[in-house]
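Here's the letter readout for the chains.
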There are 2 protein chains.
Amino acid sequence: MVRPAREPAMTDVAKLAGVSHQTVSRVLNDHPNVREQTRLRVQAAINELGYRPNKAARLLVTGTSQVIGVVSRSSTLYGPAATLSSLAEEAVKRGFTVNVESVRTLDRQPIADAIGRHLDQRVAGLVIIAPVESANDALDDLPEDIPLVTIDGDPGRPTELVTVDQEAGAYAATRHLLNAGHATVWHVSGPDDWFDARGRISGWRRALTEAGAEVPPLMSADWLAASGYRNGQILARMSDVTAVFAANDHLALGVLRALHERGRKVPEDVSVVGFDDVPEAAYYIPPLTTVRPDFDAVAAASIDLLLAQIDSGRRLGDRRVLTPTLVTRESVAPPRA
Amino acid sequence: MVRPAREPAMTDVAKLAGVSHQTVSRVLNDHPNVREQTRLRVQAAINELGYRPNKAARLLVTGTSQVIGVVSRSSTLYGPAATLSSLAEEAVKRGFTVNVESVRTLDRQPIADAIGRHLDQRVAGLVIIAPVESANDALDDLPEDIPLVTIDGDPGRPTELVTVDQEAGAYAATRHLLNAGHATVWHVSGPDDWFDARGRISGWRRALTEAGAEVPPLMSADWLAASGYRNGQILARMSDVTAVFAANDHLALGVLRALHERGRKVPEDVSVVGFDDVPEAAYYIPPLTTVRPDFDAVAAASIDLLLAQIDSGRRLGDRRVLTPTLVTRESVAPPRA
DNA sequence: GCACAGTCTGTTAACGTTCACAATCGAGCT
DNA sequence: AGCTCGATTGTGAACGTTAACAGACTGTGC
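A few points on the structure.

Criteria and thresholds
Residues numbered from 1 in each chain as written. Chains lettered and ligands numbered in written order. Predicted model: local features only at pLDDT ≥ 70, side-chain atom pairs only at ≥ 80, totals over all residues. Heavy atoms only, no water. Core = buried A, V, L, I, M, F, W, Y, C linked by side-chain atoms within 4.5 Å. Buried < 20%, exposed > 50% of the residue type's maximum accessible area, 1.4 Å probe, protein only. Contact = heavy atoms within 4.5 Å. Least-squares fit on C-alpha atoms with pLDDT ≥ 70 in both. Axes fitted to C-alpha atoms, helices over the stretch in contact; angles between N-to-C directions. Helix = DSSP H or I, 4+ residues; strand = E, 2+ residues; numbered from the N terminus. Parallel < 35°, antiparallel > 145°, perpendicular 65-115°, else oblique. Left-handed = near helix turned anticlockwise from the far one by under 90°. Nonpolar A, V, L, I, M, F, W, Y, C, P; charged D, E, K, R; others polar. Buried area = accessible area lost by both parts, 1.4 Å probe. Salt bridge = Lys/Arg side-chain N within 4 Å of Asp/Glu carboxyl O.

**Notes on the nonpolar core**
Within the largest apolar cluster, 106 residues are counted, with the highest numbers of intra-cluster contacts made by V272 of chain A together with V272 of chain B. If sequence neighbours within four positions are ignored, V272 of chain B has contacts with V244, A252, V255, L256, L259, V266, L288, T289, S331 and V332 of chain B.

As structure tokens, then:
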């Protein structure tokens with residue numbers, strides 16, 4: 001047998017099966033009106049040649065692919081990474097494939113460029129992880145007819161949106177600390193241009209004000225352990241601080257360490273709660289009480305919403321808000337008497 | 001102006017600029033022999049129409065895209081996630097885009113399927129994160145002519161490979177503990193079907209045997225804090241254990257916690273070293289001495305090797321082995337006298 | 001026997017690029 | 001003036017698929 005110079009195409013299969021290329025196409029697309037016997041002959045020819053349809057040709061004529069474009073910041077933050085990997089998995093399950101465009105920053109222009117590259121590939125739809133304002137701005141220029149879902153996007157924007165109810169999670173965390181008997185709760189927050197961080201701040205604040213507790217000054221940080229540590233060093237010096245809610249687990253880790261260094265015991269002297277429930281949180285010293293968002297569910301809901309748009313051919317304005325759950329471990333206790 | 005029923009194509013631009021479609025193509029591909037004046041006219045027409053070239057059509061005729069296919073296990077392990085996000089960033093820098101296929105398991109078939117989907121999209125090359133044997137097996141069926149780089153792949157396989165020198169890293173870690181005066185070093189290893197884990201085991205073993213130290217029985221784990229904790233509970237009960245090298249930082253975290261629970265102080269009673277230098281490691285209690293691989297460099301080297309193949313049109317058999325560096329923090333001290 | 005409605009299959013023309021080649025244009029030289 | 005050569009531009013044919021339509025082949029009812 002001669003090694004073929006080019007890969008087998010539909011016509012090659014057709015020739016081998018003794019049918020027209022169009023019939024091969026029909027077999028491939030599960031068109032109903034094909035005789036069983038013909039179908040089998042074609043299938044056999046496909047197998048014999050090891051034929052695989054050329055997606056580019058298909059895309060060229062149909063104008064749409066089975067690819068979902070995702071835009072995300074390149075990062076090793078747990079939440080985004082977990083969401084991303086679930087997204088891909090979920091998409092494959094539905095017969096789609098995921099194309100990820102990473103951006104270094106969440107500024108408008110890089111995001112717009114990434115979206116542009118996706119559109120060039122004629123993706124079937126877009127999932128954009130847009131946790132800050134500027135990332136959302138990039139959506140303004142988007143054509144109306146492209147299916148779109150934002151994750152952690154601007155709640156004030158009318159597009160389809162999947163998000164975790166940060167406010168409820170933070171409220172539960174703060175409430176949990178108040179219930180334990182603490183007079184008030186300090187908050188080490190995430191960067192305040194993140195919607196997530198804002199939601200957690202407002203949930204924390206609501207829990208305090210509803211309970212008539214004093215609202216301590218906000219401690220602002222990024223998402224990393226280092227800044228948790230810096231803020232923790234300050235908190236550790238204030239002897240009246242007995243409860244801290246950190247905007248994520250890594251911040252909480254930094255706080256734990258700063259408290260430890262200064263000899264303030266957790267949870268005996270200070271109680272700490274985090275957010276995210278990273279897999280390691282259960283092994284912090286002490287094991288961390290935290291709020292767990294279901295990132296798999298976020299991914300699944302996003303794909304759901306996107307496919308609904310793709311199928312219906314239009315924006316539906318749906319949104320899904322997922323409520324996280326409080327995971328209680330040993331880092332919370334009543335304040336000392 | 002009438003809203004166009006379809007997107008502008010090259011012929012539309014050509015008509016507007018008063019040239020042939022071929023000239024437009026030349027402008028787009030930076031072909032040298034185009035008069036400056038013509039180029040400007042074409043550019044103007046492109047801008048006016050908001051024309052964007054159709055990649056599918058281009059792909060159809062050239063047979064290759066500017067897309068790099070990546071296969072990786074969907075996971076939130078720090079190493080793979082860090083590599084993945086760097087890969088995408090690095091690729092974009094070079095004018096490529098990255099298409100990620102996530103697989104749930106590293107078994108042969110799922111990987112082969114993922115590769116198949118990439119080939120269907122006519123990717124320009126493949127980067128496969130293949131840290132276990134079965135993942136490498138899937139590469140057997142691959143056509144010879146597709147550029148390919150494996151990350152953390154089988155060192156015994158002749159393909160292009162980018163990897164971190166696990167053996168050297170583990171050797172350095174173990175040596176560091178011996179230098180501090182410990183009689184021997186225990187190792188909590190990763191899953192032994194991972195090449196990474198094997199390399200770390202053999203580096204550890206070599207350091208011990210070279211020093212004439214006793215080689216304690218191996219403690220086998222997965223990569224997660226939970227199993228570090230379980231193994232740590234055992235280690236904590238053995239009073240003669242004074243030094244532990246954990247195969248990654250999350251295992252080390254579990255060990256730290258188990259030791260703490262049992263009242264064994266780190267580093268006074270037991271010294272601990274990890275591997276990976278996750279961003280949080282510096283905030284463990286105590287801050288963790290660990291081995292830092294440069295994941296950005298891994299990604300950059302991978303893209304380098306891949307583009308070299310793409311440009312030259314053939315496998316080059318190159319490989320890059322990156323040496324990780326030891327990061328010393330407070331979790332190591334001499335044993336008690 | 002013949003029209004008729006299905007069912008199945010084939011033919012031709014897109015889709016929007018690039019490639020190979022042909023044609024034209026100018027400048028520089030004889 | 002005519003020739004040559006390089007620079008610039010145009011023409012027609014791919015690439016491999018789906019869409020639209022046409023044709024052939026069945027069985028059914030009169």
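So much for the structure itself; the text now carries on.
**Topic: the relation of the copies chain B and chain A**
At an RMSD of 0.2 Å, chain B and chain A line up after a rotation of 180° and a shift of 0.0 Å along the axis. Taken together, the turn and the small shift mark the pair as related by a two-fold rotation axis. Comparing interface residues between copies, 100% of those in chain B also sit at the interface in chain A, which points to an isologous, same-surface contact.

**Some details on the packing of helix α5 (residues 78-93) of chain A against helix α12 (residues 295-312) of chain A**
All names here are of chain A. Their axes nearest at 8 Å, the elements α5 and α12 cross at an angle of 45°. In terms of their interaxial angle, α5 and α12 are classed as oblique. The way α5 lies across α12 gives a crossing that is right-handed. Residue-level inspection shows Y78, G79, A82, T83, S86, L87, E90 and A91 of α5 in contact with α12, the latter providing F295, D296, V298, A299, A300, S302 and I303. Split by residue class, the contact of α5 with α12 holds 9 nonpolar, 4 polar and 2 charged.

**A few points about the interface of chain B and chain A**
The interface is formed by 49 residues belonging to chain B together with 49 residues belonging to chain A. For the pair chain B and chain A, the summed buried surface comes to about 4,600 Å²; carbon and sulfur atoms form 58% of the total. When the buried surface of chain B facing chain A is broken down by residue, R257, Y283 and I285 of chain B rank first, second and third, together holding 16% of it. Taken together, the links from chain B to chain A amount to 6 salt bridges. As a salt-bridge pair, R122 of chain A and E7 of chain B come within 3.3 Å of each other at their nearest N and O atoms.

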